[in-house]
Amino acid sequence: MSTDADGLFELDEPDSLPPVDEAGARATAPLAVRMRPRTLDEVVGQAHLLRPGAPLRRLVEGGAAASVLLYGPPGTGKTTIARLLAGVGSRHFVALSALSSGVKELRAVIDDARRRRDRLDQQTVLFIDEVHRFSKTQQDALLGAVEDRLVLLVAATTENPSFSVVSPLLSRSLVLQLQSLTDDDVRSLLRRAVADPRGLDGAVALTPDAEDALVRLAGGDARRALTALEAAADGVAGTGDTEVDVPAVERAVTEATVRYDRQGDQHYDVISAFIKSIRGSDPDAALHYLARMLVAGEDPRFIARRLMVHASEDVGLADPTALQAAVAAAQVVQLVGLPECRLALAQATVHLATAPKSNAVITGIDEAMGDVRAGATGAVPPHLRDGHYAGAQKLGNAVGYRYPHNTPDGVLAQQYPPDGLVGRDYYRPTTRGAERVLADRVPKLRRAVRGEP
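As a starting point, this report considers the structure included with it. (Residues numbered from 1 in each chain as written. Predicted model: local features only at pLDDT ≥ 70, side-chain atom pairs only at ≥ 80, totals over all residues. Heavy atoms only, no water.)

1. Things to note about the overall build of the protein
Reasoning step 1: For the protein, the helix and strand inventory stands at 21 helices and nine strands.
Reasoning step 2: Against the globule reference of 22 Å for 453 residues, the protein gives a C-alpha radius of gyration of 32 Å, more extended than a compact globule.
Reasoning step 3: Expressed as a percentage of the 453 residues in the protein, the buried residues total 43%.
Reasoning step 4: Summarising the internal contacts of the protein: among those between residues at least 6 apart in sequence, 71% fall at separations of at least 24.
Reasoning step 5: If the 52 positive side-chain charges of the protein are averaged to one point and the 59 negative ones to another, these points end up 7 Å apart. (Helix = DSSP H or I, 4+ residues; strand = E, 2+ residues; numbered from the N terminus. Rg over C-alpha atoms; globule rule 2.2 N^0.38 Å. Buried < 20%, exposed > 50% of the residue type's maximum accessible area, 1.4 Å probe, protein only. Contact = heavy atoms within 4.5 Å. Lys, Arg positive; Asp, Glu negative; His and termini not counted. Charge placed at Lys NZ, Arg CZ, Asp CG, Glu CD.)

2. Looking at a nonpolar patch on the surface
Reasoning step 1: There is a patch of nonpolar side chains on the surface, built from Tyr401, Tyr403 and Tyr416 and spanning about 310 Å² of accessible area.
Reasoning step 2: Looking at the secondary structure, you find Tyr401 in the loop between α20 (360-373) and α21 (435-449). (Patch = residues over 30% accessible without salt bridge, like charges linked within 9 Å, V, L, I, M, F, W, Y side chains within 5 Å. Areas by Shrake-Rupley, 256 points an atom, 1.4 Å probe, with all protein chains shown as cover. Salt bridge = Lys/Arg side-chain N within 4 Å of Asp/Glu carboxyl O.)

3. A short note on the environment of Val33
Reasoning step 1: Assignment of secondary structure puts Val33 in helix α2 (residues 31-34).
Reasoning step 2: Of the residues examined, Val33 reaches a relative accessible area of 19% and is grouped as buried.
Reasoning step 3: Separated by 155 residues in the primary sequence, Val33 and Ser188 have C-alpha atoms spaced 16 Å apart.

4. Brief notes about the sheet that holds strand β3 (residues 68-71)
Reasoning step 1: If you walk across this open sheet you meet the five strands as β4-β5-β6-β3-β7, and the pairing is parallel. The open sheet terminates on both sides in strands that have one partner only, identified here as β4 (92-97) and β7 (174-177). The average angle at which neighbouring strand axes cross in this sheet is 20 degrees, direction not considered.
Reasoning step 2: Where strand β5 (residues 124-129) and strand β6 (residues 151-157) come together, six bridges link them in parallel fashion. What sits directly across from Thr124, in β6, is Val151.
Reasoning step 3: Across the face of the sheet, helix α5 (residues 78-86) comes into contact with β3, β4, β5 and β6 while running at roughly 170 degrees to β5. (Pairing = 2+ DSSP bridges. Axes fitted to C-alpha atoms, helices over the stretch in contact; angles between N-to-C directions.)

5. Considering the packing of helix α11 (residues 183-195) against helix α13 (residues 222-239)
Reasoning step 1: Two elements in contact, α11 and α13, have axes separated by 10 Å at closest approach and are oriented at 40 degrees. Judged by the angle between their axes, α11 and α13 are oblique. α11 and α13 meet at a crossing whose hand is right-handed. On α13, the residues that touch Val186, Leu189, Leu190, Ala193 and Val194 of α11 are Ala222, Ala225, Leu226 and Leu229.
Reasoning step 2: Its residues placed into classes, the contact of α11 with α13 shows nine nonpolar, no polar and no charged. (Parallel < 35°, antiparallel > 145°, perpendicular 65-115°, else oblique. Left-handed = near helix turned anticlockwise from the far one by under 90°. Nonpolar A, V, L, I, M, F, W, Y, C, P; charged D, E, K, R; others polar.)

Structure follows, in structure tokens:
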């Protein structure tokens with residue numbers, strides 16, 4: 001694009017090659033870029049979106065035109081799909097990153113898209129990577145252009161767009177969720193990259209064990225798999241060998257990168273699985289998720305807080321020592337820190353996972369709060385009111401109160417709740433763990449306090 005002397009834009013003719021081919025043709029590009037699919041048939045995985053008649057296939061094949069939000073983990077093909085959409089017809093492709101672009105850049109693209117539409121009858125495909133990092137103002141700036149289909153928006157995000165994208169933009173777009181690649185998908189990609197002229201062109205051979213290792217390291221991420229393969233192949237080439245084996249992979253990749261975004265979905269998904277594994281009494285799964293959080297750099301104080309909450313929420317009085325263990329672990333986190341505090345976190349995790357479970361505490365307090373919010377409060381019975389001030393007795397406060405310690409059992413019949421809540425049971429102990437004793441004691445206490453036989 002250039003400007004003439006009058007300051008008016010002169011539009012360049014559209015590129016003769018689709019954007020998807022530009023990076024793929026460069027021999028110096030990373031392997032993951034060179035192996036980027038050029039056609040829909042080369043896309044691996046996402047069968048639920050690519051079957052005949054599916055929305056994504058219709059979009060890529062030119063049968064429909066709608067803005068889309070591609071939501072899924074890294075390395076699942078979001079950028080590839082955007083480039084395939086751009087290659088339909090004579091569309092002009094523009095890529096922006098939410099990390100480095102703002103409203104000014106968006107408006108420039110929209111103005112250019114309007115001129116291309118009016119002068120060249122050419123539609124613009126605007127690809128925005130990490131759209132969840134755009135502010136509300138930046139996302140709002142897209143609404144008019146998307147509504148009028150001035151641009152065909154293809155936005156990629158690793159976070160749930162229901163929480164990270166403004167509702168007006170969400171309602172104007174087709175939300176497509178991409179899944180992590182299966183092991184077979186990654187295996188197919190690796191084999192293609194080894195043999196394809198765009199890739200390694202048969203220069204190396206990948207042993208079955210090394211292939212298995214790369215599949216495990218990938219964790220469903222195509223880009224990670226191909227990057228690790230390229231690093232291993234480069235290392236082998238440096239020694240004059242042609243076989244990529246497990247030692248070659250281990251030399252190239254010292255540690256699998258844990259897919260975990262402390263501000264994104266993985267943060268919530270992993271902590272959710274952690275708590276649910278403890279609740280489900282599976283200490284092994286709980287330790288796995290604990291390890292994932294620790295290796296990924298999660299704040300151990302956050303983990304300790306969740307353990308303390310869980311101790312009362314899901315264990316409660318079935319094991320009164322569970323909360324003590326969780327609090328002790330939190331103190332170790334505060335006083336000792338990583339890496340040693342991982343031991344206390346693991347100990348508390350195993351303690352809670354193997355403890356008998358009861359949700360009677362959280363059920364009781366939530367029901368009581370629900371009644372209060374619904375207006376079931378009532379006046380405090382006069383005999384329970386404060387009587388430690390002049391004139392209290394004239395008001396009837398504390399008059400008639402009976403002191404339980406003056407009885408042999410320490411329990412006597414007396415009304416404690418407001419009139420409207422007499423007989424309302426909130427705490428219902430289970431028969432699991434230490435609560436078994438309470439399950440027998442609490443009904444007796446209620447009968448005694450309420451003056452029932």
